[in-house]
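# Summary of the model geometry
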Amino acid sequence: MTRTPRSIRRKATVAGILLTTVALAVTGCSSTTSLPGSGSSSSSSSADSVFSGAPVAKADLIIPGSTMEAIKKRGKLIVAEALDAPLLSQQDPTNPDQVNGFDADLAKLLAIYILGKPSVEIVPPASETREAMLQNGTADVVFNTYTITPERATQIDFAGPYFESGLAVAVKSDNTSIKSVKDIDGKNVIVGANTPAVTEVPKVAPTAKVTAFGTDPAAVQALIQGRGDAYVQDYTLLASDAASEKQIKVVGEPFTKEPYGIGLKHGDSDFKSFINDWLKTIQKGGQWGKAWKTTLGTVTDSAIPTPPEIGSVPGS
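The text that follows walks through the structure, step by step, so that each part is easy to find. Note that the structure is a prediction, hence the values are computed from the model and not measured. (Residues numbered from 1 in each chain as written. Predicted model: local features only at pLDDT ≥ 70, side-chain atom pairs only at ≥ 80, totals over all residues. Heavy atoms only, no water.)

On to the overall build of the protein chain. Within the protein chain, the secondary structure is distributed over nine helices and 15 strands. Total accessible area computed for the protein chain in this model is approximately 13,400 Å², and 52% of it derives from carbon and sulfur atoms. (Helix = DSSP H or I, 4+ residues; strand = E, 2+ residues; numbered from the N terminus. Areas by Shrake-Rupley, 256 points an atom, 1.4 Å probe, with all protein chains shown as cover.)

Dropping the structure here:
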């Protein structure tokens, strides 16, 4: 995406990780807290399932003089990620030191891989500052629904893609007849005005009646009121909507492709290879799927998606 999501977005050595503190830098201040789920709250089992047994890189992978070594010596991973993106990276209003979501969990898993503990410092970015934050060393990595494009790849490097978003379908929570985009042909379909859905829906559902609404809240309200059978919009935005509005749910998987990458400083090939290998490791080990299931997956009927192939898109 070109925007930051809106505010309404191996072995026994890891056994003690969940009680390790996470350093969060928010508006220039630092504080520490235990990982989400390390207390007695209902989120405990979710956090346990994501971080339990998380892989830690072998010592020989931390190359002398590399970015990985610099991070390890520093003792924390500095991450540019949002604080207002439900299910992706959202600050807990009851405990501002905690940031939860798919991107946030992956950042913690990467910190565990490098450091053996989920020590993360968060620097919230704006969409237009992400490249600069990598170029000037303000952040080690960017996890921020950062769409991989060849143009951006001239300024920074991308590991991944680690997730593939795109247009998806939302329906009312009690709807059982629409299970994916294949079921919207002939239906009344809501779209956002001036979004890709305006042109993409007729391609996949030529007999659908398309109605455009000027804002996302207006479109969600129209769906709830029954003025449309389905709402087509970007997957992560729909997931955010469904997280705050229990009367709707996301069905199926995205039917267009918007690959998200992990932003890195340009030209750091060792770090890029290291992170790509880590992505493959957590995909194979199941941590990627567990992170999705306990965040984005909580608002959809879909099974855990297949992760996109590393290096599969131009710019990655």
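Here we take up the nonpolar core. Side chains of nonpolar character tend, in soluble globular proteins, to be buried together. Ranked by internal contacts, the top residues of the largest apolar core, which has 64 residues, are Phe 102, Leu 106, Val 141, Phe 143, Ile 262, Ile 275 and Trp 278. In terms of residue count, helix α3 (residues 102-115) provides more of this core than any other element does, eleven residues in total. Discounting chain neighbours no more than four positions away, the residues touching Phe 102 are Leu 87, Leu 88, Tyr 162, Phe 163, Trp 288, Ala 291, Trp 292, Thr 295 and Leu 296. Leu 167, Ile 178, Val 181 and Val 251 belong to the second-largest nonpolar core, a separate cluster that totals 15 residues. (Core = buried A, V, L, I, M, F, W, Y, C linked by side-chain atoms within 4.5 Å. Buried < 20%, exposed > 50% of the residue type's maximum accessible area, 1.4 Å probe, protein only. Contact = heavy atoms within 4.5 Å.)

Once that is clear, we can look at the environment of Ala 212. Structurally, the position occupied by Ala 212 is in strand β12 (residues 209-213). Separated by 17 residues in sequence, Ala 212 and Thr 195 have C-alpha atoms that sit 9.3 Å apart. The residues touching Ala 212, leaving out its near neighbours within four places in the chain, are Val 191 and Ala 193.

With that settled, consider the packing of helix α2 (residues 67-74) against helix α8 (residues 269-285). Describing two packed helices takes the angle between their axes plus the distance from one axis to the other. Interaxial distance between α2 and α8 falls to 8 Å at its minimum, and their mutual angle equals 75 degrees. As judged from the angle between their axes, α2 and α8 are roughly perpendicular. The segment α2 lies against α8, with Thr 67, Met 68 and Ile 71 engaging Asp 270, Phe 271 and Phe 274. Taken together, the residues of the contact of α2 with α8 sort by class into four nonpolar, one polar and one charged. (Axes fitted to C-alpha atoms, helices over the stretch in contact; angles between N-to-C directions. Parallel < 35°, antiparallel > 145°, perpendicular 65-115°, else oblique. Nonpolar A, V, L, I, M, F, W, Y, C, P; charged D, E, K, R; others polar.)

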